[in-house]
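Structural description and commentary
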Amino acid sequence: MTNINIDLLRRLRRQRKLKMRDLAAIIGKDASTIWRYENGLTKIKADILFQLADLYGVTVDELRIPDSGA
């Protein structure tokens, strides 16, 4: 999936007082993978995005950056 608001992902994790290693354990990834997600270095696959949305109590659409319409 593309156009994910990585700043929002980071903010939601911090609001829940989760460290990267805590989130990594929950979703079955390494903390370094979480770091790469939150820094835009690795694309987040759809299944992980749905897990994150569920964990954070938001929709996948809320995590996306709206298309410019071009």
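Here we summarise the structure given alongside this text. Here the structure is a predicted model, which means the values were calculated and not measured.

**Observations regarding the overall build of the protein**
- For the protein, the count of helices and strands is 5 helices and 0 strands.
- Starting at the N terminus and walking to the C terminus, you meet the elements of the protein as α-α-α-α-α.
- Taking 70 residues into account, the globule formula puts the C-alpha radius of gyration at 11 Å, and the protein, at 12 Å, falls close to it.
- C-alpha extents for the protein along the principal axes are approximately 40 × 25 × 20 Å.
- When each of the 70 residues of the protein is scored for burial, the buried share is 31%.
- Once local pairs closer than 6 in sequence are excluded, the contacts in the protein between residues at least 24 apart make up 61%.
- Surface accessibility of the protein: about 4600 Å² in total, with carbon and sulfur atoms responsible for 50%.
- Side chains of the protein carry 13 positive and 9 negative charges; the gap between the two charge centres is 7 Å.

**Considering the pattern of salt bridges**
- One pass over the structure, following the stated rule, counts 3 salt bridges.
- Its salt-bridge partner being arginine 10, residue aspartate 7 comes within 3.2 Å of it at the nearest N-O pair. Residue aspartate 7 and its partner arginine 10 are both found in helix H1 (residues 6-15); the two are separated by 3 residues, about one turn of the helix.
- The class of aspartate 7 is partly exposed, set by a relative accessible area of 47%.

**Observations regarding the side chain of arginine 10**
- Residue arginine 10 is classed as buried on the basis of its relative accessible area, which comes to 17%.
- Here aspartate 7 takes part through its side chain, which lies 3.2 Å from a polar atom of the side chain of arginine 10.
- Setting aside residues no more than four positions away along its own chain, arginine 10 makes contact with Glu38 and Asn39.

**What to know about unusual backbone geometry**
- A positive phi is found at lysine 17, a non-glycine position, where the angle reads about 55°.
- Positionally, lysine 17 belongs in the loop between H1 and helix H2 (20-27).

Criteria and thresholds
- Sequence positions are assigned chain by chain, starting from 1 and proceeding in written order.
- Only residues with pLDDT of 70 or above have their local features reported here, since the model is predicted, and side-chain atom pairs are shown and tallied only from 80 upward, although totals for entire chains, interfaces and linings are computed over all residues.
- With hydrogens and water excluded, all non-hydrogen atoms of the structure serve as input to the side-chain values.
- Secondary structure elements follow DSSP: runs of H or I no shorter than four residues count as helices, runs of E no shorter than two count as strands, and numbering proceeds from the N terminus.
- Atoms considered for the radius of gyration are the C-alpha atoms alone. The globule rule reads 2.2 Å times the number of residues to the power 0.38.
- For every residue, the accessible area (1.4 Å probe, protein chains only) is compared with the maximum for its type, and the residue is labelled buried under 20%, exposed over 50%, or partly exposed between those bounds.
- Note on contacts: a residue pair is in contact if any heavy atoms of the two residues lie within 4.5 Å.
- Note that accessible areas follow from Shrake-Rupley with a 1.4 Å probe, and for residues the cover is restricted to the protein chains shown.
- Only four residue types enter the tally: Lys and Arg on the positive side, Asp and Glu on the negative side; His and the chain ends are excluded.
- We put the charge of a Lys on NZ, of an Arg on CZ, of an Asp on CG and of a Glu on CD.
- Salt bridges are counted wherever a side-chain nitrogen of Lys or Arg sits within 4 Å of a carboxyl oxygen of Asp or Glu.
- Polar contact is the term for a pair of N or O atoms within 3.5 Å; when the atoms are in protein, one must be able to donate a hydrogen and the other to accept it, and sequence-neighboring residues count only if both atoms are side-chain atoms.

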